[in-house]
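Structure assessment
These are the residues of each chain, in order.
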Amino acid sequence: MASSIPAISLSVIFILCFLFPSALPSTIGVRYISELLETQDREKAPPSVQLAAARGVLRRLLPSHSSSFEFQIVSKEQCGGSSCFIIENHPSFHKRGNPEILIAGVTGVEILSGLHWYFKNWCRLHISWDKTGGAQLFSVPKAGLLPRVEESGILVQRPIPWSYYQNAVTSSYTFAWWDWKRWEKEIDWMALQGINLPLAFTGQEAIWQKVFQRFNLSQSDLDDFFGGPAFLAWSRMGNLHGWGGPLPQSWLDQQLVLQKKILTRMHELGMTPVLPAFSGNVPAALKFRYPLAKITRLGNWFTVESDARWCCTYLLDATDPLFIEIGRAFIKQQLKEYGKTSHIYNCDTFDENTPPDDDPEYISSLGTAIFRGMQSGDDNAVWLMQGWLFSYDPFWRPPQMK
């Protein structure tokens, strides 16, 4: 029986317009994404690593049933050319203690999505966040008594390559104080829900510290730039600076260690973690270190009442040579720290901020510079942009959005 995994509907835009002239057909963009998927398939964790990671999720979720399931990695060809999971009765099941159900998938995420699908549809189990019920396991039969599926098996295809998760501000609304134990639980939940394209923003201030120090900025300069942990989302988006800070070095170091654990687990499960990229938001001190640089001060954000200690952040002009140089340095420093990338980077420009110029050519030049910064650090870079900024600010008319 074949069906499809429900798609997660979110306002996400893959920016490909800077790669190809607008006159070329959209099929070129489709081909580029297909090539990216092929690259990611070649670079994904080995099957043994993904299977071990998937089994770890099952042990943490339902240790009493860890021997009731066997997992296998299969090719896309076995799934009809796309990602899928396949659920079958285990052929060797004949007594309690042997595997009862066989779940195969293209990645660890597909396997765990299949596990959740089986639990939900055959055992009436519900898995949600803790505040909305958590993992309700009471309906699962004892090991050895799990329901059998139809003899023909079940094949569920993924209708889209990626299922996206999070908003840029979730890192402050929700994740600010999480340790590895809580992150591990969330990544388990993501995999069970079939999510394979999560934002991975933790620890980026430690990366920025190393990058900006190469541009002659001091720690004091950065203390004025970084917000406190609960306000980092708005500091990163250029809404405010310094609010709730400064960040101690111990916190910066700890967050970088945590990010490496997060990325390792996401890669082990076959996910595509999305790293941040440079939007043009810079510390105020950069204009003094580089007096010839084209740097514009933005307007006041909603809540800091024009107080110069926190408001009115600085934007490096897209035409300034420093823009692509900093963008490249940020991507390369992440590659150096993390050892690999999934080639998809998030950069949301002017979230809850209005650009200093509404000339479409200016907006286009900024977008071009942002992407060139990514691409100069990673030849296979793709820009992922959330579209929510277009929905609330009347500044964004069709010419500016385009």
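Scroll up a little and you will see the structure.
Read on for a plain summary of the structure. (Residues numbered from 1 in each chain as written. Predicted model: local features only at pLDDT ≥ 70, side-chain atom pairs only at ≥ 80, totals over all residues. Heavy atoms only, no water.)

With an omega dihedral of 0 degrees, the bond running from Gly245 to Pro246 counts as a cis peptide bond. Residue placement: Pro246 occurs in the loop between helix 8 (232–236) and helix 9 (249–268). Positive phi is not limited to glycine here, since Arg124 has a value of about 60 degrees. Checked against the element boundaries, Arg124 lands in the loop between helix 3 (108–122) and strand 6 (126–127). Given a relative accessible area of 63%, Arg124 falls into the exposed group. (Helix = DSSP H or I, 4+ residues; strand = E, 2+ residues; numbered from the N terminus. Buried < 20%, exposed > 50% of the residue type's maximum accessible area, 1.4 Å probe, protein only.)

Next up on the list: the packing of aromatic side chains. Applying the stated criterion across every chain, the model contains 21 aromatic pairs. With 6.1 Å between their ring centres and 50 degrees between their planes, Tyr118 and Phe119 make a pair best called tilted. Each of the two residues, Tyr118 as well as Phe119, counts as buried. Judged by centre distance (5.6 Å) and plane angle (45 degrees), the rings of Phe225 and Phe226 are tilted. As far as burial versus exposure is concerned, Phe225 and Phe226 are alike and both buried. An aromatic cluster of three or more residues is present, and its members are Trp208, Phe212, Phe225, Phe226, Phe278, Phe323 and Phe330. Against the face of Phe71 rests Arg55, its NZ or CZ located 5.3 Å from the ring centre. (Phe/Tyr/Trp six-rings, centres within 6.5 Å; stacked < 30°, edge-to-face > 60°. Lys NZ or Arg CZ within 6 Å of the ring centre and 35° of its normal.)

So, about the nonpolar core. Grouped burial of nonpolar side chains is what soluble globular proteins tend to show. Phe69, Leu115, Tyr118, Phe119, Met190, Leu269 and Met374 are the most contacted members of the largest nonpolar core, which totals 95 residues. Excluding residues within four positions of it along the chain, Met190 makes contact with Tyr165, Gln166, Trp183, Ile195, Pro198, Met266 and Met271. Counting 24 residues, the second-largest nonpolar core is a separate cluster that includes Leu36, Tyr164, Ala168 and Val304. (Core = buried A, V, L, I, M, F, W, Y, C linked by side-chain atoms within 4.5 Å. Contact = heavy atoms within 4.5 Å.)

This part takes up the state of the cysteines. Going through the model one piece at a time under the given rule, you end up with 2 disulfides. One disulfide bridge connects Cys79 with Cys84, the sulfur atoms lying 2.0 Å from each other. Measuring the twist about the S-S bond at about -60 degrees, one finds the Cys79-Cys84 disulfide to be left-handed. Cys79 sits in the buried class, given a relative accessible area of 1%. The disulfide partner of Cys311 is Cys312, and the gap between their sulfur atoms is 2.4 Å. Residues Cys311 and Cys312 are joined through a disulfide that is left-handed, its torsion about the S-S bond being -75 degrees. (Disulfide = S-S within 2.5 Å.)

Judged by pairing direction, the sheet is antiparallel, and its 3 strands sit side by side in the order 12-14-13 without closing on themselves. Each end of this open sheet is capped by a strand with a single partner; those strands are strand 12 (281–282) and strand 13 (295–297). (Pairing = 2+ DSSP bridges.)

Now for the side chain of Ser128. If you trace the backbone, Ser128 turns up in the loop between strand 6 and strand 7 (135–136). There is a polar contact of 2.3 Å between the side chain of Ser128 and the side chain of Thr132. Excluding residues that lie within four positions of it along the chain, Ser128 makes contacts with Gly134, Ala135 and Trp189. (Polar contact = N/O pair within 3.5 Å; in protein donor to acceptor, adjacent residues only side chain to side chain.)

Before going further, it helps to examine helix 3. Counted at 1.5 Å a residue, the expected span for helix 3 with its 15 residues is 21 Å, and the 21 Å between its end C-alpha atoms agrees. Taken across its 15 residues, helix 3 has 11 buried, putting it largely inside the fold. Looking at the buried residues of helix 3, the elements they touch are helix 2 (47–61), strand 3 (69–73), strand 4 (84–89), strand 5 (101–105), strand 6 and helix 5 (180–192). In this structure Thr107 caps helix 3, since a side-chain oxygen of it lies 3.3 Å from the backbone nitrogen of Val109. Arg124 lies just past helix 3 and shows a positive phi near 60 degrees. (Expected span 1.5 Å × (residues − 1).)

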